[in-house]
Each structure stands twice: as C-alpha cells, then as structure tokens.
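Chains, contacts and geometry: an overview
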Amino acid sequence: MINSINKIKRLACALCLLSAAGSPAMAVEPNAPFAMPGGATIGIPVGANPPPGHYLSFRSQFSRGNVVDNSGNAIPVSPDINSLFLSYSYVPGIEILGGTYRFSAGIPLLFNSQTAFGLKTTAKGIGDITISPINVSWVLSPGIFASAGMSFSLATGSFKPDGVSMNLGSGKNSASLLFGLSYLRDGWNLSTGSALTVYAENPKTRYRSGAELLIDVTAMKAVSDSFSIGPVGYWRKQISDDANNGTVLLGGGTLDRAEQLGIGIGVEKRFGRGSLNVNLIKNLRTRNTYDAPVLAVNYSIPIGGQRPR
C-alpha cells in the first residue's frame with residue numbers, strides 16, 4: 001500500500017485533464033480539433049487522485065502528417081502541430097461519496113501550420129480551454145483505484161468556417177464523461193482512462209460532430225526507483241454520425257465517422273519533486289482524420305501539499 005501511495009505522489013501530479021492539442025479533424029467537423037487528443041492521459045495513473053495540494057503540468061506535443069479518407073488514403077491536407085498545454089489541478093482533501101475530490105483546468109498554447117489543397121495557413125495562440133469541475137477517485141483495494149468525473153471544453157480558440165484554415169479552436173463547446181482504472185502494485189502502472197464526448201452544434205457552420213469514445217492505455221513498469229518504461233496506446237472511435245444543418249461546409253453534407261488506433265512506448269523519469277513523461281506513438285489505423293506519429297512530453301510537479309517520496 002505504501003508503494004502504491006508513493007506511486008500516486010510521483011505520477012498523479014499530471015492528473016490535470018488535458019484538452020485539445022490542436023489536432024485537425026476530418027470527421028468531427030473539418031479542421032476542428034478534438035476535445036481531447038488521443039493519448040492525453042497516457043502514462044498517468046488516471047484511476048487515482050494525488051494527495052491534497054496544488055499541481056502543475058506542462059505537456060508538449062509534436063506531430064506532422066496528413067489527413068486521410070475513409071480508406072486510410074492521404075488527402076492533400078498536411079498539418080504541422082506544435083502545442084503546449086498548461087494545466088492546474090487542486091485536491092482540497094475532501095471526500096465525495098467516499099472518494100477523494102479533484103478540480104482541474106487547462107489552457108492550450110498552439111503553434112500550428114497547415115497546407116490544404118495548396119493553401120498554407122498558420123495559427124498561433126490560445127486554443128479551447130478545458131475545465132474539469134469534478135473528478136472523484138476511490139480505493140477499490142490496496143493499490144487498485146477507480147475514478148469518474150466530467151470535463152467541459154469551451155470554444156475559446158479562434159475558428160474560421162472556411163473548411164481549409166488551420167484553427168486554434170473547434171468553434172463549439174463539448175462535454176465529456178471520464179472514467180479511469182489503475183493498478184499500482186509492485187512497481188506497475190497499469191492504467192486505462194476513457195472519455196465519452198458529446199459536441200454542441202457549431203453556431204458558425206451549424207455542423208454538429210458525432211459523439212466519440214476515447215480509450216488510453218498504459219502498461220509501464222519501474223525498472224529503478226526513478227525510471228519506468230512500457231508500452232502505451234490509445235483508441236478513438238466516433239460512435240454516432242455527424243449532423244449538418246447548414247450549407248457552409250460540404251454543401252450541407254457530412255463526413256464518415258473518424259477512427260484512430262495508436263501504439264507506442266512510454267518512459268518516465270522522476271527528478272525530485274517532479275516527473276518527466278515521454279511518449280512516442282504511431283497510428284496503426286486511421287480513418288477520416290489526422291494520421292501522424294506523435295511525440296508527447298509531459299512534466300508534472302506539485303506546488304503545494306505533500307511532498308513525493
């Protein structure tokens with residue numbers, strides 16, 4: 001049990017919910033980012049909340065690739081994505097329904113460019129802000145944790161409804177139900193986090209993206225007191241069709257459902273109070289959305305509360 005608690009202290013600084021990293025989408029409305037990028041919670045014991053205190057997380061993500069069609073073939077839309085997501089989490093030390101409570105919020109800073117059908121556009125600035133007002137974690141048994149919560153992505157990033165420009169925001173709000181499960185025993189971080197997201201209609205285009213399911217998986221093992229390594233992956237799938245009540249995009253038509261399946265390797269190195277997590281992921285299957293290898297670097301550190309041991 002002590003090892004599990006120490007594992008939470010070292011890793012769960014990064015439990016602040018991560019929002020869109022500016023990834024363009026083909027389904028989920030053309031050139032509008034997902035509410036949550038694939039792999040956003042990889043490496044994090046999402047089933048557990050950290051001890052009471054304040055926590056900061058800095059996540060950078062880098063990718064370059066192409067949008068693909070329903071057969072996985074590339075189309076002439078090539079985004080170059082560079083993002084920094086700043087997130088804050090607060091665990092006040094109160095209980096709800098027998099579990100520990102956590103609040104988190106985050107702001108994405110995006111430095112992106114895109115060439116679409118010969119037209120190059122750039123976008124730099126703040127993306128859609130994410131707020132997770134509630135997340136509750138329960139101890140199922142020593143070293144085994146489960147969590148549930150909600151998050152909201154707010155349409156704060158700029159959005160151009162031309163269908164080809166690189167956008168900082170999605171142009172619409174969304175809500176997500178979050179679930180997590182973590183096994184933290186004998187140096188293992190076996191975690192899976194899932195998000196079920198529903199989107200509001202974009203008032204500029206009257207396009208509404210279908211609901212989607214995202215599942216992140218981590219299987220990392222400590223090989224020393226400060227270093228862990230293991231396979232990671234994610235799966236995203238739209239589970240309902242898009243709806244288009246306007247004519248701004250696609251002449252009133254819609255796109256097929258998007259899907260991504262990615263696998264890779266993750267490493268974590270702890271430096272005193274903080275921890276550095278690096279993940280490299282390659283998609284094995286992509287349909288109707290952005291296809292590219294992703295390098296994600298996340299640094300987390302407590303700024304109050306109990307010190308990790």
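Residues numbered from 1 in each chain as written. Predicted model: local features only at pLDDT ≥ 70, side-chain atom pairs only at ≥ 80, totals over all residues. Heavy atoms only, no water.

A separate point is the overall build of the protein. Looking only at helices and strands, one finds 1 helix and 18 strands in the protein. Taken over 309 residues, the protein has a buried fraction of 53%. Residue pairs at least 24 apart in sequence account for 66% of intrachain contacts in the protein once pairs closer than 6 positions are excluded. Within the structure as shown, the protein displays about 12300 Å² of accessible surface, and the carbon and sulfur contribution to it stands at 63%. (Helix = DSSP H or I, 4+ residues; strand = E, 2+ residues; numbered from the N terminus. Buried < 20%, exposed > 50% of the residue type's maximum accessible area, 1.4 Å probe, protein only. Contact = heavy atoms within 4.5 Å. Areas by Shrake-Rupley, 256 points an atom, 1.4 Å probe, with all protein chains shown as cover.)

What the rule picks out here adds up to 7 salt bridges. Put simply, Asp-241 and Arg-257 hold a salt bridge, and the shortest N to O gap is 2.7 Å. Of this pair, Asp-241 sits in the loop between β13 (227-238) and β14 (243-244) while Arg-257 sits in the loop between β14 and β15 (259-271), and the two are 16 residues apart along the sequence. Taking relative accessible area as the criterion, Asp-241 reaches 54% and is therefore assigned exposed. For Arg-257, a relative accessible area of 34% corresponds to the partly exposed category. One network of salt bridges, with partners in common, ties together Lys-237, Glu-259 and Arg-285. (Salt bridge = Lys/Arg side-chain N within 4 Å of Asp/Glu carboxyl O.)

Moving on: the pairing of β15. Within a regular beta strand, the side chains point alternately toward one face of the sheet and then the other, so they alternate between its two faces. As defined by bridge partners, β13 adjoins β15 across 11 bridges and the pair is classed as antiparallel. Within β15, the position partnered with Arg-236 by the bridge is Gln-260. Bridge count between β15 and strand β16 (residues 274-287): 13 bridges; the pairing is antiparallel. Bridging across to β16, Glu-259 finds its partner in Arg-287. In textbook terms, the turn of a hairpin is the stretch between consecutive antiparallel strands, and for β15 and β16 this stretch comprises 2 residues, one of which, Gly-272, has a positive phi near 60°. (Pairing = 2+ DSSP bridges.)

The geometry of an aromatic ring pair comes down to the distance between the two centres and the angle between the two planes. Counted by the stated rule, this structure contains 0 aromatic pairs. Stacked on the ring of Phe-34, the Lys or Arg Arg-236 has its end atom at 3.7 Å from the ring centre. The ring of Phe-271 has Lys-269 sitting right over it, with the charged end atom 5.9 Å from the ring centre. (Phe/Tyr/Trp six-rings, centres within 6.5 Å; stacked < 30°, edge-to-face > 60°. Lys NZ or Arg CZ within 6 Å of the ring centre and 35° of its normal.)

Now for the pairing of strand β7 (residues 129-141). Strand direction decides the pairing type here: strand β5 (residues 99-116) and β7, joined by 6 bridges, are antiparallel. Bridging across to β7, Arg-102 finds its partner in Asn-135. The pairing of β7 with strand β8 (residues 144-154) spans 10 bridges and is antiparallel. Bridge pairing in β8 links Ile-131 to Phe-152. Hairpin remark: β7 followed by β8, antiparallel, with 2 residues in the connecting loop; positive phi at Gly-143, about 85°.

With that settled, the discussion passes to the environment of Phe-34. Looking at where Phe-34 falls in the secondary structure, it is placed in the loop between α1 (2-11) and β1 (53-64). Distance from Phe-34 to Asp-128, taken between C-alpha atoms, is 9.9 Å for residues 94 residues apart in sequence.

A few words now on the side chain of Ser-170. Its place among the elements puts Ser-170 in the loop between β8 and β9 (174-183). Judged by its relative accessible area of 3%, Ser-170 is buried. Among the polar contacts made by the side chain of Ser-170, one reaches the side chain of Asp-128 at a distance of 2.8 Å. Ignoring anything within four residues of it in the chain, the contact list for Ser-170 reads Glu-29, Ala-32, Pro-33, Asp-128, Phe-159 and Asn-202. (Polar contact = N/O pair within 3.5 Å; in protein donor to acceptor, adjacent residues only side chain to side chain.)

Phi angles above zero are rare outside glycine, and Phe-117 is one such case at about 55°. The exposed category is assigned to Phe-117, whose relative accessible area is 58%.

What follows is about the side chain of Ser-182. Here Ser-182 lies in strand β9. For Ser-182, a relative accessible area of 1% corresponds to the buried category. Of note is the side chain of Ser-182, whose polar atom sits 2.8 Å from the backbone nitrogen of Gly-47. Filtering out sequence-adjacent residues up to four positions away, Ser-182 remains in contact with Pro-45, Val-46, Gly-47, Ala-48, Gly-143, Ile-144, Phe-145, Leu-190 and Ser-191.

Turning our attention to a nonpolar patch on the surface. A contiguous nonpolar patch, built from Ile-134, Met-150, Phe-152, Leu-154, Leu-177, Phe-179, Leu-196 and Ile-239 and spanning about 600 Å² of accessible area, is present on the exposed surface. The biggest single contributor to the nonpolar patch is β8, with 3 residues. Relative to the helices and strands, Met-150 resides in strand β8. Met-150 sits in the partly exposed class, given a relative accessible area of 31%. (Patch = residues over 30% accessible without salt bridge, like charges linked within 9 Å, V, L, I, M, F, W, Y side chains within 5 Å.)

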